[in-house]
Amino acid sequence: MPYETITDLIKEAIIFIFPAYCANAIPVLAGGGKPIDLNKKFPDGKPVFGSNKTIRGFIAGLAVGTVVGVLQNLLFNYNIFLGFMVSLGALIGDLIESFIKRRLNFEPGRMLPIADQLDFVFGALLFSTPIIIPKLEVVLVLILITPPIHIFTNFAAYLLKLKKTPW
Ligand code: CTP
Ligand code: MG
């Protein structure tokens, strides 16, 4: 078995994705202001991304995710460029999900189960590939552990009144 224990595998997966988790969470705290789509409509007459995807949230998420990657570099020799790329991928994955939600007539903030919980993970995984190809077992662990972590942290943020919706 390539891993001593399942714990080592989970630890590897979490260290790999952690800058992206931070990039995804920070906009909840730091977002607001001008939306990325500048309130423009797509040719179908609906918003491109919608009012909840803001420039400030994107930049703050990318900055904090990248800094977390730098800290992980000091702690675990984590690749700094990987931290930047998984953060960027997480934010772009979430934007793509919002784009799809708007096409489906979902107003900003409305829940789309599974997609809401995994959009940023798929974005992060895709954007990591120019640097390293994530191992299949790491991908599987992330797909399994991210939805419960996401549900728990969002609910906690809602209880702390940091977020308007519990999802
Ligand atoms: N946010 C932001 N800028 C971003 C991404 C998120 O400001 N680029 C903030 C918004 O306040 C948003 C919150 O983070 O409401 C949570 O983001 P998310 O759950 O991904 O978006 P939703 O509010 O569900 O909007 P959507 O329907 O577009 O997914
Ligand atoms: Mg989303």
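Now for a description of the structure that goes with this document.

Cut-offs applied
Residues numbered from 1 in each chain as written. Chains lettered and ligands numbered in written order. Predicted model: local features only at pLDDT ≥ 70, side-chain atom pairs only at ≥ 80, totals over all residues. Heavy atoms only, no water. Phe/Tyr/Trp six-rings, centres within 6.5 Å; stacked < 30°, edge-to-face > 60°. Lys NZ or Arg CZ within 6 Å of the ring centre and 35° of its normal. Core = buried A, V, L, I, M, F, W, Y, C linked by side-chain atoms within 4.5 Å. Buried < 20%, exposed > 50% of the residue type's maximum accessible area, 1.4 Å probe, protein only. Helix = DSSP H or I, 4+ residues; strand = E, 2+ residues; numbered from the N terminus. Contact = heavy atoms within 4.5 Å. Donors = N, O, S within 2.8 Å, 3.2 Å for Na, K, Ca; no water.

## What about the packing of aromatic side chains?
The way to describe two aromatic rings as a pair is by their centre distance and the angle between their planes.
Argument step 1. For the coordinates displayed, the defined rule picks out five aromatic pairs.
Argument step 2. Taken together, the aromatic side chains of Phe-42, Phe-49 and Phe-99 make up a single cluster linked through ring pairs.
Argument step 3. Sitting over the face of the ring of Phe-99, Arg-103 holds its NZ or CZ atom 4.6 Å from the ring centroid.

## Overview of the nonpolar core
Note that soluble globular proteins tend to have their nonpolar side chains buried in a common cluster.
Argument step 1. By size, the foremost hydrophobic cluster in this structure holds 20 residues, and its most contacted members are Phe-16, Ile-17, Val-86 and Leu-142.
Argument step 2. At the level of secondary structure, the elements contributing two or more residues to this core comprise helix H1 (6–30), helix H3 (80–103), helix H4 (115–128) and helix H5 (136–159).
Argument step 3. With six residues, H1 is the largest single contributor of residues to this core.
Argument step 4. Those residues in contact with Leu-142 that lie beyond four places of it in its chain are Ala-13, Phe-16, Ile-17, Tyr-21, Leu-118, Val-121, Leu-125 and Pro-147.

## Some points on unusual backbone geometry
Argument step 1. Residues other than glycine seldom take positive phi values, yet Asn-39 does so here, at roughly 65°.
Argument step 2. Along the chain, Asn-39 turns up in the loop between H1 and helix H2 (55–76).
Argument step 3. Judged by relative accessible area, which is 54%, Asn-39 ranks as exposed.

## Structural notes on the coordination of the magnesium ion (ligand 2)
Argument step 1. Bound to the magnesium ion (ligand 2) are the protein donor atoms Asp-94 (OD), Glu-97 (OE) and Asp-119 (OD), situated 2.0 to 2.5 Å from the metal.
Argument step 2. Taken in chain order, the donor set of the magnesium ion (ligand 2) reads D-x2-E-x21-D. Within this pair, whereas Asp-94 is found in helix H3, its partner Asp-119 is found in helix H4, the two being separated by 25 residues in sequence. One exposure class covers both Asp-94 and Asp-119, and it is buried.

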